[in-house]
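Examining the three-dimensional arrangement
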Amino acid sequence: AITDENIRALMDANIYEKLKDVISEEDMEAQIDDFFSEYHPQVAGLGIIPGVDIVLETMGTKKIPQHVISSSSEKTIIEQLKKSAMAPYIHEILGTETDRSKVVKFKHILNTYRLQPHDILFVTDTTGDIQEAHSLGIPTVAVTWGYHERDRLASLNPEYILSLIHISEPTRRT
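My aim in this report is to walk through the structure given alongside it, one point at a time. Predicted model, so just to flag it, every value in this text is computed and none were measured. (Residues numbered from 1 in each chain as written. Predicted model: local features only at pLDDT ≥ 70, side-chain atom pairs only at ≥ 80, totals over all residues. Heavy atoms only, no water.)

1. Observations concerning the overall build of the protein chain
- Per the secondary structure count, the protein chain includes eight helices and five strands.
- Going from N to C terminus, the protein chain has its helices and strands arranged as α-α-α-α-β-α-β-α-β-α-β-α-β.
- A sequence separation of at least 24 residues applies to 52% of the contacts in the protein chain between residues at least 6 apart.
- Carbon together with sulfur atoms contributes 52% to the accessible area of the protein chain, which is approximately 10600 Å² in total. (Helix = DSSP H or I, 4+ residues; strand = E, 2+ residues; numbered from the N terminus. Contact = heavy atoms within 4.5 Å. Areas by Shrake-Rupley, 256 points an atom, 1.4 Å probe, with all protein chains shown as cover.)

So, in C-alpha cells, the structure goes:
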C-alpha cells in the first residue's frame with residue numbers, strides 16, 4: 001500500500017526517476033500504472049485549499065496565463081479542475097501524457113510563449129519540483145499544505161514559501 005511517506009520520498013526528485021531506483025525497467029510501466037491507480041483516487045478525494053480558487057480567478061481576470069505542470073495524468077487534473085470550477089482559468093495542462101520530465105514541460109512553455117525563466121513563477125509542494133524548476137532558473141513558490149513540510153521545502157531555497165492564503169476584501173477607490 002502507498003503511505004504518505006512513500007509518496008513524499010518519491011517526490012524528493014522527479015517521481016519517475018525515483019521510481020527507477022525501486023522498480024526494474026521491465027516492470028516500470030505496469031508498476032507506474034498500479035501506483036497511479038492507487039494514487040489518483042487519493043488525490044481526487046482532496047478538496048481545493050481555501051483561497052486558491054480566488055487567486056486563480058483574480059489572476060485569470062487580470063489575463064495572467066496559468067498553466068498546470070504536473071506528474072499526474074492530464075485526465076485527472078481536468079477532472080479536478082472541473083469539480084472545483086477552476087478550469088476556465090487554466091490556459092494549458094501538461095501532465096504525464098506530455099512528458100514525464102517537468103524540465104521538458106518548462107522548456108515547452110518557455111519556447112511556445114517566448115518567455116525567459118524569470119517570466120515564470122512556479123508554485124509547488126515538492127522538493128523535486130523545486131529542483132526541476134531551479135535547474136532552468138525558474139523561480140519557485142513552495143506551499144506547505146501539500147506533500148512536503150516547510151523544512152523539507154526550505155532546504156531547496158525556493159524564492160518564496162507560503163503557509164496559507166489570506167484573502168481580504170479589496171479596497172475600492174471611487
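Further notes follow.
2. So, the sheet that holds strand E3 (residues 122–124)
- One open sheet accounts for three strands, arranged E3-E4-E5; its pairing is parallel. At either margin of the open sheet sits one strand with a lone partner, and together these are E3 and strand E5 (160–162). If you compare each strand with its neighbour and ignore which way they point, the axes differ by 25° on average.
- Bridge count between strand E4 (residues 140–143) and E5: three bridges; the pairing is parallel. Bridge pairing links Ala142 to Ile161 in E5. (Pairing = 2+ DSSP bridges. Axes fitted to C-alpha atoms, helices over the stretch in contact; angles between N-to-C directions.)

3. Considering helix H6 (residues 102–112)
- For H6, the complete set of buried residues consists of Lys102, Val103, Lys105, Phe106, Ile109 and Leu110. Along the long axis of H6, the arc covered by the buried residues comes to 160°, so they all point the same way.
- Next to the buried residues of H6 lie strand E1 (67–69), strand E2 (92–94), E3 and helix H7 (127–134).
- Near the N-terminus of H6, the side chain that reaches the backbone nitrogen of Val103, with its oxygen 3.1 Å away, is that of Ser101. (Buried < 20%, exposed > 50% of the residue type's maximum accessible area, 1.4 Å probe, protein only. Arc of directions from axis to C-beta. Polar contact = N/O pair within 3.5 Å; in protein donor to acceptor, adjacent residues only side chain to side chain.)

4. Concerning the packing of H6 against H7
- Where H6 contacts H7, the axes come no closer than 9 Å and their chain directions differ by 45°. Overall, the two elements H6 and H7 adopt an arrangement that is oblique. Two packed elements cross with a definite hand, and for H6 against H7 that hand is right-handed. Packed against H6, whose contacting residues are Lys102, Val103 and Phe106, the element H7 presents Asp129, Glu132 and Ala133 at the interface. (Parallel < 35°, antiparallel > 145°, perpendicular 65-115°, else oblique. Left-handed = near helix turned anticlockwise from the far one by under 90°.)

5. Quick word on the nonpolar core
- Judged by nonpolar contacts, Ile69, Leu94, Phe106, Ile109, Leu110, Ile120, Phe122, Ala133 and Ile138 together constitute the single largest core of nine residues.
- The contact partners of Ala133, leaving out residues within four places of it in the chain, are Phe106, Phe122, Ile138 and Thr140. (Core = buried A, V, L, I, M, F, W, Y, C linked by side-chain atoms within 4.5 Å.)

6. A short note on the pairing of E4
- Residue alternation in E4 divides its side chains into two sets, Thr140 and Ala142 and Val141 and Val143, and both sets are buried.
- Here three bridges tie E3 to E4, and the two strands are oriented parallel to one another. Residue pairing in the sheet places Phe122 in a bridge with Thr140 of E4.
- On the question of chirality, the crossover connecting E3 to the parallel E4 by way of H7 is right-handed. (Right-handed = clockwise from strand over helix to strand, strands pointing away.)

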